[in-house]
Each structure stands twice: as structure tokens, then as C-alpha cells.
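Examining the three-dimensional arrangement
Each chain, written out:
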Amino acid sequence: MVKKYVFGEPFETDAVVAEIAGEQFGGNLVCGEIAADKEFCFRYTMKDADVIYGLGEANRGINKRGYIYVSNCSDDPDHSEDKVSLYGAHNFIIISGAQQVGLFFDYPSEITFDIGYTRQDLLEVRCKRADLYVYVITGESAYDVAKQFRKIIGKSYIPPKYAFGFGQSRWGYKTEKDIETVVEGYRGNQIPLDMVYMDIDYMQDFKDFTINPERFPNFPDFVKKMQQEQIHLIPIIDAGVKMEKGYDIYEEGVEKGYFCKREDGSDFAAAVWPGWTHFPDVLNPKAREWFGSKYQILMDQGIDGFWNDMNEPAIFYSKEGVEGVNQAVLVYAEELTKAQEAKGADNKEHSDCGNNTASEESEDILNKANALPAEVRSRLEKLQNSPEDYKRFYHNVNGKMVRHDLVHNLYGFNMTRAAGEAFEKIAPNKRILLFSRSSYIGMHRYGGIWTGDNKSWWSHILLNLKMMPSLNMCGFLYTGADLGGFGVHTTRDLVLRWLALGVFTPLMRNHAALGTREQECYQFEKIEDFRHVIRVRYRLIPYLYSEFMKAAENDDLYFKPLGFVYPLDKMAVQTEDQLMLGNEIMIAPVYVQNAGGRYVYLPEEMKFIKFMPDGSIYEEVLPQGHHYIEVALNEVPMFIRKGKCVPIAEAAQSVAEIDETTIQMLGYEGAEYQMFAE
Ligand code: GLC
């Protein structure tokens, strides 16, 4: 059952699509209590056995207890354990214990989930203004609650089938030649590949929807040539539109008034990759339609997939911010001059046997001046993504000017919606690949997400795994992390282990930052190990695609925590490093360096499967309980649930080349599998 409570005057976020009549809150809630005066606060005392699920793209565990999380879409590439905000804002939690209650706080600005941080048994959700909708969902189990929530937020985005293949990306590919080298590296080594991602350097001076003509002299031909090799090129689109005279999109946007504005009506300017930019006002339906229509420029050249980036929106600095620092620098210069003058005078006085007072005064000024560079540096650091800047611009929402910080978490959602809505018009019968960095619930209907700038750290394999079911609860099915790690130098074993998890995530992409060690699969010794792991993905695509489609069509989860399937099994509920996938399998990747295997917990008897490097498949039935499984770096493990089986095909170089007639069943003898029928 779903109830919708109205507090104050909520902003219509469009997260929920089901028509549910809102009720004024009468002081009665299934669990917990609400104080909604000027500020809003929900409070619930957690019982020892309560598990708190949800929050989608967030740090830490599948069970969110024991920390504090703030929904405040942030461009922050350091996902260390202490970070409270990442790129998305997914305000849905499930309290699972004696009661099974889902809560969705539909509030587009900063909101805090203190889940036992301040007081270990207290769950507190608070935000500055009491203007929001709270949806309360009760059900038989956490799983049931999650599915009910999924029903009210509308069907999840479905990508084209090729997007289930493997993709290679790197910030730093610049030219046709760079891309060809990648394709040769894969095709030449018989490592399957379906996508090469184009990061910002394909553009002319980082201008959205442009192609650098020197680097890509005949782009449509190049796209076609790649497509003949079954390679889809996926360009990045950034939120900021470069301010440059003569750049049509900039000029059109200014003329039509489609950029975010300052209070005085002028266009707000922020520096991002292209230098000074304006942000398209994607919360204004007209501006959204206009910005979305621009994707056609690249689609007309054969492009059929995009990734939307920097859409928190990320700001390096604003005009106002720079002016603030300029002021500080001026003050510093003035103080320094004064100090030097005073010192000069002081020295003179000293030589003239002068007095103490002048010396003290000059010392004081000098100290002040010395302190200023630190202040200037700290001011400079604070310019990036500053909360002050988010208060400096406005959206035109149906004629009403809404200050950005009040709706901050909706920007990435609406940038991606701009593209998704445009695709429905431009290519109504075609699925277009689309995923975003920033998001809010509701965006899951238009695109997927990748989890942003992680690092080549072993702990981030586990973070990747833990985020997946939480994202599914919030509607995001087509998701994945930068495999191999984005920031810092990677290692061969890390890439292999991470790929063995990536085999199962709908978005399987290797991506790395500029300046880091090259991590394409063909860059390492014993390329055959990489070839094998990626080939396993392609063998599993008929199954993974079928389960993805079932989850999307039935508002179900593709990845589930073990506790959703075995809610009465305490050990299963506590398991944070294994996941259920679809109806048939459980995954348990190795995420520890130098480990030759790992412990797994089987809530019931299962068949342990290992895809061996020689192409054979190792099968062993293991009873319920704890087991140590050996998994070499070049093996891919998974488990098939008792009495079930999964279809597997022969490997292929691309999704289009998978031969469905080679499909065989793997698993329990006599079991049947129902393939999703399109
Ligand atoms: C951002 C993105 C990253 C991309 C980079 C350059 O950091 O998150 O994926 O490579 O910008 O465009």
C-alpha cells in the first residue's frame, strides 16, 4: 500500500508517475514521527535487527545503518569512506525488520539521512524546508516494498542490445587514429568489443555537439566504418555550453533566453572544461526541448549512443567567485605594500635609533599579509562547486524563477530527460544508449547512470557491488562503474578481478582518467586472460539481457541483496559482498589483492560454476553453508540456484554476432529457463 503525504508547497519533481491522491499529514505514520514546522524532520528509533536499505548511488554498505548520507549531487572524484554525497540523489529507503516500510522523500534540494550516525539507534531524515511529498509504502517484505516503489516511479529505461556488450573508454582518446588503435587492439587480439567511448577531446574546443574537423576529417564516414566493424562510438555531452561568439548553440540559447539566469536576468557564467559556459535551463520545458533537439546533430552523423557528464552541474569557478578571490588578492597586495613600506620606515627608524611602537605595528601588518596567501589559496579551493554559486542562478519553471540551490538535485535528471524526450521524437522506434553521471529518481525512465570517478582501489570493487542493488531499488537498472578504476594507476590483477564483476553489470565499461596508466585489456601481459573474461560476458549475454528485460518490464530488480530472497536467513541478510542476479544466479567476486579465492555463504544448495580459461566450465554442487572457493585471476565464478539453469551461448566478437542457435543450458539437470520474449 502506498500513501502520499503533502507538506507545505512541494516542487513537482516528476519522480513519481502514478496518480496518487496526496493527503495532509495527520500525525499518524506507520512508523516513526514527523516534525514539519519550518524545517522538516522524520525520526524513527531503529530496533537492533532493523536493516535500512536504499539510497541508490551512495557510499558504504547495502545496509545503510551506521553513517550519514546527504543527497546533494556533487562532482567529487574522491569516493573515500567518509564522503557523504556522490553524484546522485536517490531519497528512497526501506526500513526492514518487524515492519517493512518504504519511505520516499520527494525533495529536490539537500536532504540528510542520518542513519545511526549521531545516535546509533536513531534514524533521522531532515531538510531545511518543510515543502515536500513523503510516500510511505508498506508491504510483506523489503523486496515487495521495493517493487511497489518501482511501480509508482514508472518503467526503467531500456538500452539497445549492443549496450550489453563491452565498451572501452579513456579520457585522452583524441583522434580517429586513437580510436582505431583501440579497435585494432581488441579486434586484433580477438577480445570482444561493441563500444568505444569518445571523451571531451573529440569536440572542437569542448563545444557540445561539435566535432573537431582536424581530428575527424570525415566523421560520418568514420562512424560508418566503425559500425561495419560492429563498433558503436559513444560521445560524451557536457552540461555547460561554451560562451563563444559565432557558436550557433551558444548564440541561439542567449537569444531565446534558454540559459540559467542570475537574479538580474543576465545569463549566469561558470567555467568548466571549455572555459566560460552557460547552463541550459533544462528545468524549463521549452529550453529542455531545445537542448534535446541538438542531439540530432550527432545522430544525423550516425551516432546512436551518448553519455551525459558534468551535470550536477559541475562548476570550476564562477565570475562572482573569481571576483571574490580578486578582492582577497587586492587586499593581500595592499597589506603587503603597507607592510613593506612600514618595514622600510622601521629599518630607517632603527638605524636612526627609532621607537618600538612602529616596529610592533609593522610586525602586525606583516603577519596579516603573510596569512593572506593561505586564505587566498583556500578561497581558490572553495570556488569549485561552491554552494554560493548554486544560489547565484535561477531556472524558469513555468514562468516562475526558481533559485537553483532549491532544485539542485534535478539538474542531471533533466539534462538526461532532455535527450530522452528528444530521442522519442527523433528516433521513436529505436533504442538509443544514454546514461548520465548526475541523477534523481525519475531519470531512471530516460537513461542509466555510471557511478562516476572511482579509483583503481580494491575497496572500490566492493563499493561497485554494494551500490548495484540499491540503485535497482531506485529504478536505475542500466548501471555500472568504471571498471579497472578511473583515477590513479591501476594494476593488471585489479583490472581482471574488476572485470570479473563487470561481466555481470548491465553497463560493462573500462574507463580511465587522463594521465593514468593505460588499462585497455590489450595493454597487459597474458592478453588471453582478458580475452577469456570478456568472452564469458558474451556467453552470458542471452541470459543477462533476458533477466534485464524481465526486470525492466515487471518493475523488478536485476540485482538483489541476498536478504531480499532469503529474508529469514540472518546470515544471508548480513551478507554484503555477494548479490543475487535475476532469478537464477548468485555472484561472489574476489575483491582482495593476492587472494586465490574467497569465502562465500550459500543460503541454500547451489551449483558452483567457474568459467575456466580453456573455455570449459567447472561445475560442483555445494551444500548450504560457508565454503572457501578457489578462483584464479583468469577464472569467472558464479552460482546457480538449486533446481535452476541459465542459457549460455558461444562467445562472439560483438553482440550482433552472438549465435543464438549455439545456446545451451547450464545448471541443474532437467531445469527449464523461460527466455524473455520481446
Ligand atoms: C569527468 C567524468 C569522467 C571524464 C572526465 C573528462 O571527470 O566523470 O568520466 O572522463 O570528466 O571528460
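That block above? That's the structure.
What comes next concerns the included structure.

Criteria and thresholds
Residues numbered from 1 in each chain as written. Predicted model: local features only at pLDDT ≥ 70, side-chain atom pairs only at ≥ 80, totals over all residues. Heavy atoms only, no water. Helix = DSSP H or I, 4+ residues; strand = E, 2+ residues; numbered from the N terminus. Rg over C-alpha atoms; globule rule 2.2 N^0.38 Å. Buried < 20%, exposed > 50% of the residue type's maximum accessible area, 1.4 Å probe, protein only. Contact = heavy atoms within 4.5 Å. Areas by Shrake-Rupley, 256 points an atom, 1.4 Å probe, with all protein chains shown as cover. Lys, Arg positive; Asp, Glu negative; His and termini not counted. Charge placed at Lys NZ, Arg CZ, Asp CG, Glu CD. Near = heavy atom within 4 Å. Polar contact = N/O pair within 3.5 Å; in protein donor to acceptor, adjacent residues only side chain to side chain. Nonpolar A, V, L, I, M, F, W, Y, C, P; charged D, E, K, R; others polar. Pairing = 2+ DSSP bridges. Core = buried A, V, L, I, M, F, W, Y, C linked by side-chain atoms within 4.5 Å. Phe/Tyr/Trp six-rings, centres within 6.5 Å; stacked < 30°, edge-to-face > 60°. Salt bridge = Lys/Arg side-chain N within 4 Å of Asp/Glu carboxyl O. Axes fitted to C-alpha atoms, helices over the stretch in contact; angles between N-to-C directions. Parallel < 35°, antiparallel > 145°, perpendicular 65-115°, else oblique. Patch = residues over 30% accessible without salt bridge, like charges linked within 9 Å, V, L, I, M, F, W, Y side chains within 5 Å.

For the rest of this paragraph, the subject is the overall build of the protein. When its secondary structure is counted, the protein shows 15 helices and 38 strands. Taking 2.2 N^0.38 as the reference for a compact globule, 678 residues should give roughly 26 Å; the C-alpha atoms of the protein span a radius of gyration of 27 Å, in line with that estimate. Along the longest, intermediate and shortest principal axes, the C-alpha atoms of the protein span 105 × 65 × 55 Å. Per-residue burial for the protein yields a buried fraction of 61% across its 678 residues. Taking as baseline every contact in the protein between residues at least 6 positions apart, the subset at least 24 positions apart corresponds to 74%. For the protein, the accessible area works out to roughly 26,400 Å², and carbon and sulfur atoms hold 47% of it. Put simply, the protein has 72 plus and 100 minus side-chain charges, and the middle of one group is 2 Å from the middle of the other.

Now for the site of the ligand. Near the ligand lie 13 residues; those nearest to it are Asp199, Asp309, Arg437, Asp453 and His511. In this structure, an oxygen atom belonging to the ligand sits 2.5 Å away from a side-chain N or O atom of Asp199. The separation between an oxygen atom of the ligand and a polar side-chain atom of Asp453 is 2.5 Å. Contact with the protein chains removes 97% of the 310 Å² of surface that the ligand exposes when unbound. A per-class count over the shell around the ligand returns eight nonpolar, one polar and four charged.

Of all six residues in strand E11 (residues 122-127), five are buried; the element is thus mostly enclosed. Where strand E10 (residues 111-115) lies against E11, five bridges are found, and the strand directions are antiparallel. When the bridges of E11 are listed, Phe113 appears paired with Val125. The hairpin formed by E10 and E11 contains six residues between the paired strands, and Gly116 there has a positive phi angle of roughly 85°.

A few words on the nonpolar core. In a soluble, globular protein the nonpolar side chains are often hidden away together inside. With 175 residues, the main nonpolar core has Leu233 and Phe504 as its most contacted residues. Residues within four places of Leu233 in sequence aside, it is in contact with Ile179, Val196, Met198, Phe219, Phe222, Val223, Met226, Ile303 and Gly305. In this structure, Met46, Tyr67, Tyr107 and Ile111 belong to the second largest nonpolar core, which totals 30 residues.

What follows is about the sheet that holds strand E29 (residues 559-560). Pairing in this open sheet of six strands is antiparallel, and the strands run E29-E30-E31-E36-E33-E34 from one edge to the other. In the strand order of this sheet, the two ends are held by E29 and strand E34 (617-622), each with one partner. Summarising the sheet, E29 and strand E30 (residues 579-581) pair through two bridges and their orientation is antiparallel. The residue bridging Phe559 from the neighbouring strand is Leu581, located in E30.

Another point: the packing of aromatic side chains. Counting across every chain of the model gives 53 aromatic pairs. Relative to Phe149, the ring of Phe92 has its centre 3.9 Å away and its plane inclined at 15°; by these criteria the two rings are stacked. On the criterion of sequence distance, the pair formed by Phe92 in strand E8 (residues 92-96) and Phe149 in helix H1 (residues 142-153) is long-range, its members being 57 residues apart. The class of Phe92 is buried, set by a relative accessible area of 0%. A relative accessible area of 0% means that Phe149 is categorised as buried.

Let us look at the pattern of salt bridges. Tallying each qualifying case throughout the model produces 36 salt bridges. Lys207 is paired through a salt bridge with Glu244; the nearest N and O atoms lie 2.7 Å apart. In this pair, Lys207 is assigned in the loop between strand E14 (195-198) and helix H3 (219-228) and Glu244 in the loop between strand E16 (241-242) and helix H4 (248-256), connecting sequence segments 37 residues apart. Residue Glu244 is classed as partly exposed on the basis of its relative accessible area of 24%. The residue Arg598 makes a salt bridge to Asp577 at a minimum N-O spacing of 3.2 Å. A residue pair is termed long-range when its members are at least 10 positions apart, and Arg598 in strand E32 (residues 597-602) and Asp577 in the loop between helix H15 (570-574) and E30 qualify at 21 residues. Here Arg598 and Asp577 have matching classes, each one buried.

So, on to the sheet that holds strand E13 (residues 166-168). The strand order E26-E25-E23-E19-E15-E14-E13-E28-E27 describes an open sheet built from nine strands, whose pairing is parallel. What marks the edges here is a single partner per strand, and that holds for strand E26 (479-480) and strand E27 (482-483). Relative to E14, E13 runs parallel, the two being bridged by two bridges. Note on E14: the bridge partner recorded for Gln168 is Val196.

Their axes nearest at 9 Å, the elements helix H12 (residues 492-502) and helix H13 (residues 527-553) cross at an angle of 10°. Between H12 and H13, the interaxial angle falls into the category roughly parallel. Listed contacts from H13 to Arg492, Val495, Leu496, Leu499, Ala500 and Gly502 of H12 are Asp529, Phe530, Val533, Ile534 and Arg537. Taken together, the residues of the contact of H12 with H13 break down into seven nonpolar, one polar and three charged.

This paragraph deals with a negative patch on the surface. Together, Glu360, Glu361, Glu363 and Asp364 make up a negatively charged patch on the protein surface. By the element assignment, Glu360 lies in helix H8 (residues 356-383). Relative accessible area serves as the criterion here: at 56%, Glu360 is assigned to the exposed category.

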